[in-house]
2 protein chains.
Amino acid sequence: MSEVIYKRVALIGLGLIASSMFWAMKRGGLVGEVTGFARSAETRETARRIGLCDRVCDSAVDAVQDADLVVLCVPVGAMGAVAAEIAPHLKPGATVSDVGSVKKHVIEAVAPHLPDGVHFVPAHPLAGTEHSGPEAGFAELYDNRWCILVPVEGTEPKATARLRSLWEGMGANVDEMDADHHDLVLAVTSHAPHLIAYTMVGVADDLRRVTDSEVIKYSAAGFRDFTRIAASDPTMWRDVFLTNKDATLEILGRFTEELFALQRAIRTGDGDHLHAYFTRTRAIRRGIIEAGQDTDAPNFGRES
Amino acid sequence: MSEVIYKRVALIGLGLIASSMFWAMKRGGLVGEVTGFARSAETRETARRIGLCDRVCDSAVDAVQDADLVVLCVPVGAMGAVAAEIAPHLKPGATVSDVGSVKKHVIEAVAPHLPDGVHFVPAHPLAGTEHSGPEAGFAELYDNRWCILVPVEGTEPKATARLRSLWEGMGANVDEMDADHHDLVLAVTSHAPHLIAYTMVGVADDLRRVTDSEVIKYSAAGFRDFTRIAASDPTMWRDVFLTNKDATLEILGRFTEELFALQRAIRTGDGDHLHAYFTRTRAIRRGIIEAGQDTDAPNFGRES
């Protein structure tokens, strides 16, 4: 890298996503100084201990001073309040972005606070793990993953292009789309699957009383895959569902319809229907592997 | 190993489970000659090419000649017909077992055909991958996984103990339980999760027409985990649902109830309910990792 993309970057919120951004930006030599802020004193302490951010500040206002890029990495439900707090302290010409899993709500919550002359380029990196917190981050998280930019009306193309360079420098592929489309696509690929996984794990937990510890013991029969996504951060996911309500409920409605059709096929013994359905779904997996979005190794290449 | 556990073993059906058994038995030096049979000539050809089984036979009847242990490794719906075919040719004192994911139905389908003096010890190894066929097997599949034995009334304890030794020699931990309990536990840990995964992948496939290839492109946001289990063998799973109908429908009923409660919490904006639910499910994951049934590495330790 000959020149840095942003001289000063502020990360507001220091969880998995922000900390992975920090390590990825440093790996690529993409930025100058990175400041960071987290609401919890414990998180700030941890960040200082592990060298996360060049400077950890004790307030969001301090962190955004002179920043060329401010990235909001807090739960979706907290974005509006943070934006209101930092807005008067933003440098003219700065770019504000975020990493929220929902875009329409974030835009509605954040945009009204931002002063003229500040660019707003919402973003959503489609990457993560079931772990959370500052120590969960790692530089490779975004390699070959997608990051979706959702520029709002009137955003300068230059500001969007600059943020795109940053994400590409962190290893991601970048796409652009509008907020409504983003929220629908994510409801299918992420929000509904997460709610379904949470539900199945909850059902199994109820039955644990009946079956003792057997649900855990015998989880390798399929159930354990569900528990990984159902171990994701509760606050983040609460906010996702509350703020992408319509699209999520729409997909869940379709899901329930299909589930009922399959349940009826089971009840009536319609083996042909089941077989045809299961054959169709197999092809999707193939597409994902060919698109480089998952491994073909059996059981995800688990070590155990 | 000082002495082999069975001098001659016949594997009927040569898919992932049987081939993994073959390699695991050979790894441990647990058995003498292993014969094999598959209904499809192509599968038999593949087995001969890759050295799967000491001898691949062109009929099930040939394969079971003089066998001390016969393991039925065919889809659950095919067990009864195979049992009827081989029954007159079983050696007195032989043990018949199976690897079906459903136990009550298999017992009802197989037991009536078996002659006196033949032991029947149904079994179910809780292991597998999304791949199928003779080439998908590997010796380590059963290491540290559970195998459940479901001895039928009147089975000689010695026959059960001997089969237990074999599974332990293949790396598995062995438990015993009755068929009804097995089928309920598996409905929770395996059958319902598989149907739910199939359903979610089917919904996404429908929406693919709306969203172009975006469902595949952005699958890393959570959805891709579902596609792995929804890529499992369609014939095997059709049979599982048709033969473990009651327990599966019972669990799916509970699942739908919970899903509706969560949908309502989303609709009414009840964040506390969602947060409490998601916090509870997180603990289950911890239990599974502590029980050695999954890896704690982020994203299952995927390479990509």
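Fair warning: this is a prediction, and the values are worked out from it, not measured in the lab.

Asks: Please give an account of the sheet that holds strand β4 (residues 69-72) of chain A that cites residues and values.
Replies: All names here are of chain A. Strand order in the open sheet made by the six strands is β3-β2-β1-β4-β5-β6, with parallel pairing throughout. The open sheet is flanked by β3 (55-56) and β6 (119-120), the only strands paired with a single partner. Note that strand β1 (residues 6-12) and β4 share four bridges and pair parallel. Directly across from L11, in β4, lies its bridge partner V71.

Asks: Please set out the pairing of strand β8 (residues 146-149) of chain B residue by residue, giving values where relevant.
Replies: Residue and element names in this part refer to chain B. Every second residue of β8 is oriented toward a common face, with W146 and I148 on one face and C147 and L149 on the other, all of them buried. Sheet topology places strand β7 (residues 123-125) next to β8; three bridges connect them, and they run antiparallel. The residue bridging H124 from the neighbouring strand is I148, located in β8. Pairing analysis gives four bridges linking β8 to strand β9 (residues 173-176), with the strands arranged parallel. In the strand pairing of β9, C147 is matched with V174. In this view, the connection linking β8 to its parallel neighbour β9 by way of helix α6 (residues 157-169) has right-handed handedness.

Asks: Residue-level account of the state of the cysteines, with values.
Replies: In total, this model carries zero disulfides over all chains according to the counting rule given. Its sulfur unpaired, C147 of chain A is 11 Å from the next cysteine sulfur, which belongs to C73 of chain A. Classification of C147 of chain A by relative accessible area gives buried; the value is 0%. Cysteine C57 of chain B remains unbridged, with the sulfur of C53 of chain B as its closest cysteine sulfur at 8.4 Å.

Asks: Describe the interface of chain B and chain A, naming the residues involved and giving the relevant values.
Replies: Tallying the contact residues gives 105 residues for chain B and 105 residues for chain A. Summing both sides of the interface, chain B and chain A together bury roughly 10,200 Å²; the carbon and sulfur share of this comes to 68%. Summed over the shared surface of chain B and chain A, the number is 10 salt bridges. For D175 of chain A, the salt bridge is made with K217 of chain B, and the minimal N-O distance between the two is 2.8 Å. Taken together, the links from chain B to chain A amount to 43 residue pairs in polar contact (both at pLDDT 80 or more). When residues of the side of chain B that touches chain A are traced back to their parent elements, those giving at least two are β8, α7 (179-211), α8 (214-217), α9 (223-229), α10 (234-243), α11 (245-268) and α12 (271-290) of chain B. If one sorts the elements of the side of chain B that touches chain A by residue count, α7 of chain B sits on top with 25 residues. Partitioned by chemical class, the residues of the side of chain B that touches chain A number 50 nonpolar, 29 polar and 26 charged.

Asks: Tell me about the sheet that holds β7 of chain B, residues and numbers included.
Replies: All names here are of chain B. Pairing is mixed across the open sheet formed by three strands, whose spatial order is β7-β8-β9. A strand with exactly one partner marks an edge of an open sheet, and here the two such strands are β7 and β9. Taken over all neighbouring pairs, the strand axes of this sheet differ in orientation by 20° on average, direction set aside.

Asks: An account of the relation of the copies chain B and chain A is requested, with residue identities and associated values reported.
Replies: Two copies of the chain are present, and they differ by a rotation about an axis and a shift along that axis. The two copies are related by a screw motion: chain B maps onto chain A through a turn of 180° and a shift of 0.0 Å along the axis, at an RMSD of 0.0 Å. Such a turn and shift between the copies fits a two-fold axis.

Asks: How would you summarise the packing of aromatic side chains if you had to cite specific residues and measurements?
Replies: Across all of its chains, the model carries 16 aromatic pairs over all chains by this definition. Ring centres of Y198 of chain A and F278 of chain B lie 3.9 Å apart, and the angle between their planes is 20°; this geometry places the pair in the stacked category. With one member in each of two chains, Y198 of chain A in helix α7 (residues 179-211) and F278 of chain B in helix α12 form a pair that bridges those chains. The pair Y198 of chain A / F278 of chain B is uniform in exposure class, with both members buried. Between F22 of chain B and W23 of chain B, the aromatic rings sit 4.9 Å apart at their centres with planes inclined by 75°, giving edge-to-face as the arrangement. For F22 of chain B, a relative accessible area of 3% translates into the label buried. Judged by relative accessible area, which is 27%, W23 of chain B ranks as partly exposed. The positively charged end of K217 of chain A is found above the aromatic ring belonging to W146 of chain B, 4.5 Å away from the centroid.

Asks: Residue-level account of the domain arrangement of chain A, with values.
Replies: How big an interface is tends to be expressed through the accessible area that disappears when the partners come together. Residues and elements named next belong to chain A. Segmenting chain A into domains produces domain 1 (6-177) and domain 2 (181-269). Counting residues at the interface gives 17 residues for domain 1 and 15 residues for domain 2. Together, the buried faces of domain 1 and domain 2 total about 1,200 Å²; carbon and sulfur atoms form 67% of this surface. The largest per-residue losses of area from domain 1 upon contact with domain 2 belong to S101, V102 and E130, which jointly make up 41% of the total buried on that side. Here domain 1 is connected to domain 2 by one salt bridge. In this structure, R228 engages E130 in a salt bridge whose closest nitrogen and oxygen atoms are separated by 2.9 Å. The tally of links between domain 1 and domain 2 comes to six residue pairs in polar contact (both at pLDDT 80 or more).

Asks: Can you lay out the nonpolar core for me, pointing to particular residues and giving the numbers?
Replies: Within the largest apolar cluster, 140 residues are counted, with the highest numbers of intra-cluster contacts made by I12, V70 and F226 of chain A together with I12, V70 and F226 of chain B. Excluding residues that lie within four positions of it along the chain, F226 of chain A makes contacts with I196, A197, M200 and V201 of chain A together with P193, I196, A197, F226 and I229 of chain B.

Criteria and thresholds
Residues numbered from 1 in each chain as written. Chains lettered and ligands numbered in written order. Predicted model: local features only at pLDDT ≥ 70, side-chain atom pairs only at ≥ 80, totals over all residues. Heavy atoms only, no water. Pairing = 2+ DSSP bridges. Helix = DSSP H or I, 4+ residues; strand = E, 2+ residues; numbered from the N terminus. Buried < 20%, exposed > 50% of the residue type's maximum accessible area, 1.4 Å probe, protein only. Right-handed = clockwise from strand over helix to strand, strands pointing away. Disulfide = S-S within 2.5 Å. Contact = heavy atoms within 4.5 Å. Buried area = accessible area lost by both parts, 1.4 Å probe. Salt bridge = Lys/Arg side-chain N within 4 Å of Asp/Glu carboxyl O. Polar contact = N/O pair within 3.5 Å; in protein donor to acceptor, adjacent residues only side chain to side chain. Nonpolar A, V, L, I, M, F, W, Y, C, P; charged D, E, K, R; others polar. Axes fitted to C-alpha atoms, helices over the stretch in contact; angles between N-to-C directions. Least-squares fit on C-alpha atoms with pLDDT ≥ 70 in both. Phe/Tyr/Trp six-rings, centres within 6.5 Å; stacked < 30°, edge-to-face > 60°. Lys NZ or Arg CZ within 6 Å of the ring centre and 35° of its normal. Domains from an automatic or database assignment. Core = buried A, V, L, I, M, F, W, Y, C linked by side-chain atoms within 4.5 Å.

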